[in-house]
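Descriptive structure summary
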Amino acid sequence: MMNRINWMIGTAAAVLLLGATFSFAQDSQDRPTLNKDKQPQQQNSGTTLTLDSTNPGAAPVASEEDTALKAVTSMQEGSPAAFQAKLTAAEDFLKKYPGSRYRAIVYPFLTIGYVQVGQSEKALAFGDKELELNPNDVATMAIMSQTMSRVYNAGAPDAAKRLEKAEALGKHAVEVIPTIAKPEGVTDEAFANSKNQTLAMAHSGIGLVDWRRGKFADAIPELEQSIKLDPVTDPVNWFILGIVNQNVSHFDDAANAFTKCSMIPGQLADTCKGRAEAAKKLAATKLSTPK
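Residues numbered from 1 in each chain as written. Predicted model: local features only at pLDDT ≥ 70, side-chain atom pairs only at ≥ 80, totals over all residues. Heavy atoms only, no water.

1. Focus: the environment of Glu65
To keep it simple, the criterion reads: Strands are runs of DSSP state E lasting at least two residues, helices are runs of H or I lasting at least four, and both sets are numbered from the N terminus onward. Only heavy atoms matter for contacts: two residues are in contact if any of them lie within 4.5 Å across the pair.
With respect to the secondary-structure elements, Glu65 resides in helix 1 (residues 63–73). Expressed as a C-alpha distance, the spacing of Glu65 and Lys96, which sit 31 residues apart in the sequence, is 9.1 Å. When residues no more than four places from it in sequence are discounted, the contact partners of Glu65 are Phe93, Tyr97, Ser100, Arg101 and Tyr102.

As structure tokens, then:
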């Protein structure tokens, strides 16, 4: 999975966001990586392969800083403990070199890495830093939109503002992605796939915001579009699609979504299996609302 969008978010740091499921993979192949040997698209010229409408040139950098980054990138990632140690080392690098030109590499790695290990607040904080540095990084926008809407806490004092931000980031990503030109050296297929996967995350974030607000009918097309754009199975999207369909009395569609969710191994499988059976019973005994 790592190579699906690894050129999208930055240079050698490029990361995959889990297809943004709620379960955080323990397989090292599914983690964001700073290992240069896992970044075949990385160029020596300093060019950034990113879904971004701006691409500033790289400034000269001290050899000490290069050496420090190399020490981080060479760290192993094969276990949860090793991966956590690498996240800590990447943070320490930024503390030592707060103005580093490699921030565009390290910020996305930390954003996705902390999403993956379940530390969403740290992930969102680094995502904010990345967007301050690179306001056109639509992959980070999509990641943050989806993450914020999934870890939303209705009891938080800033709950409403968080939903507003998640919605705004998702919608902005959806608006900007179609305008981005394909970078040199990237195949049409890879570019199209990366755009679709980023759009899928953004639509998921928007749909989840609608669900959180009780706008169930509005959530349905957003979640359906997310699933259509990215074929990688994401049980969360199927689960919420089942919920919103059931809430608008589309019982057959709810049963289908829950069934899809139940077929994906993970924490939601049993829950979705039970909900699929319940939705089938509703479809057999209640009148569904016309679409």
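2. Remarks on the pattern of salt bridges
Stated formally: One side-chain nitrogen of Lys or Arg within 4 Å of one carboxyl oxygen of Asp or Glu is enough to make a salt bridge. Buried residues are those whose accessible area, probed at 1.4 Å on protein chains only, stays under 20% of the maximum for their type, while exposed residues exceed 50% and partly exposed ones sit between those limits.
One pass over the structure, following the stated rule, counts 12 salt bridges. Salt-bridge contacts for Glu121 lead to Arg162; the nearest nitrogen and oxygen are separated by 2.7 Å. Taken as a pair, Glu121 in helix 4 (residues 120–133) and Arg162 in helix 6 (residues 159–176) lie far apart in primary sequence, 41 residues in all. Taking relative accessible area as the criterion, Glu121 reaches 46% and is therefore assigned partly exposed. Glu167 serves as the salt-bridge partner of Arg213, at 3.0 Å between the closest nitrogen and oxygen. Of the two residues, Arg213 is situated in the loop between helix 7 (188–212) and helix 8 (216–229) and Glu167 in helix 6; the sequence distance between them amounts to 46 residues.

3. Remarks on helix 11 (residues 269–285)
As a reminder of what qualifies: By definition here, a helix of n residues has an expected span of 1.5 Å times n minus one. By construction, the arc corresponds to the directions joining the helix axis to the C-beta atoms.
Between the first and last C-alpha of helix 11 there are 25 Å, a value that for 17 residues agrees with the 24 Å anticipated at 1.5 Å per step. Ala269, Cys272, Ala276 and Ala279 are the residues of helix 11 that are buried. Along the long axis of helix 11, the arc covered by the buried residues comes to 75 degrees, so they all point the same way. Of the exposed residues in helix 11, the ones pointing more than 90 degrees away from its buried face are Asp270, Lys281, Ala284 and Thr285. Residues of helix 11 that are buried make contact with helix 9 (235–247) and helix 10 (251–262).

4. Focus on the nonpolar core
Rules: Nonpolar core, defined: a set of buried Ala, Val, Leu, Ile, Met, Phe, Trp, Tyr and Cys residues in which side-chain atoms within 4.5 Å join the residues together.
Judged by nonpolar contacts, the single largest core of 24 residues is most densely connected at Val138, Met141, Leu169 and Ala173. Only helix 4, helix 5 (138–150), helix 6 and helix 7 provide two or more residues apiece to this core. In this structure, Trp211, Trp238, Ala255 and Cys261 belong to the second largest nonpolar core, which totals 23 residues.

5. Quick word on the state of the cysteines
Convention followed: For this text, the term disulfide refers to a pair of cysteine sulfurs within 2.5 Å.
Using the criterion set out here, one finds one disulfide in the structure. At a sulfur-sulfur separation of 2.0 Å, the disulfide partner of Cys261 is Cys272. Disulfide Cys261 to Cys272: torsion about the S-S bond roughly 60 degrees, handedness right-handed. Remark: Cys272 occurs in helix 11 and Cys261 occurs in helix 10; sequence separation between them is 11 residues. Taking relative accessible area as the criterion, Cys261 reaches 0% and is therefore assigned buried. Here Cys272 falls in the buried class, since its relative accessible area comes to 0%.

6. Digging into the packing of aromatic side chains
Going by this rule: Only centres within 6.5 Å qualify two rings of Phe, Tyr or Trp (six-membered ring in Trp) as a pair; their planes then separate them into stacked at under 30 degrees, edge-to-face at over 60, and tilted for everything else.
Overall, the coordinates contain five aromatic pairs when judged by the stated rule. Centroid distance Phe93 to Tyr97: 5.2 Å. Interplanar angle 45 degrees. Geometry classified as tilted. Judged on exposure class, the residue Phe93 and its partner Tyr97 are both buried. The interplanar angle of 55 degrees and the centroid separation of 6.1 Å between the aromatic rings of Phe239 and Phe258 together place this pair among those described as tilted. Here Phe239, found in helix 9, pairs with Phe258, found in helix 10; they are 19 residues apart in sequence, far enough to count as distant. Accessibility expressed as a relative area gives 15% for Phe239, which makes it buried. Residue Phe258 is classed as buried on the basis of its relative accessible area of 0%. Every member of this aromatic cluster is reached through a ring pair, and the members are Tyr107, Tyr114 and Phe126.

7. A few points about the environment of Ile240
With respect to the helices, strands and loops of the structure, Ile240 is situated in helix 9. With sequence-adjacent residues up to four places away left out, Ile240 is seen in contact with Leu208, Trp211 and Leu223.

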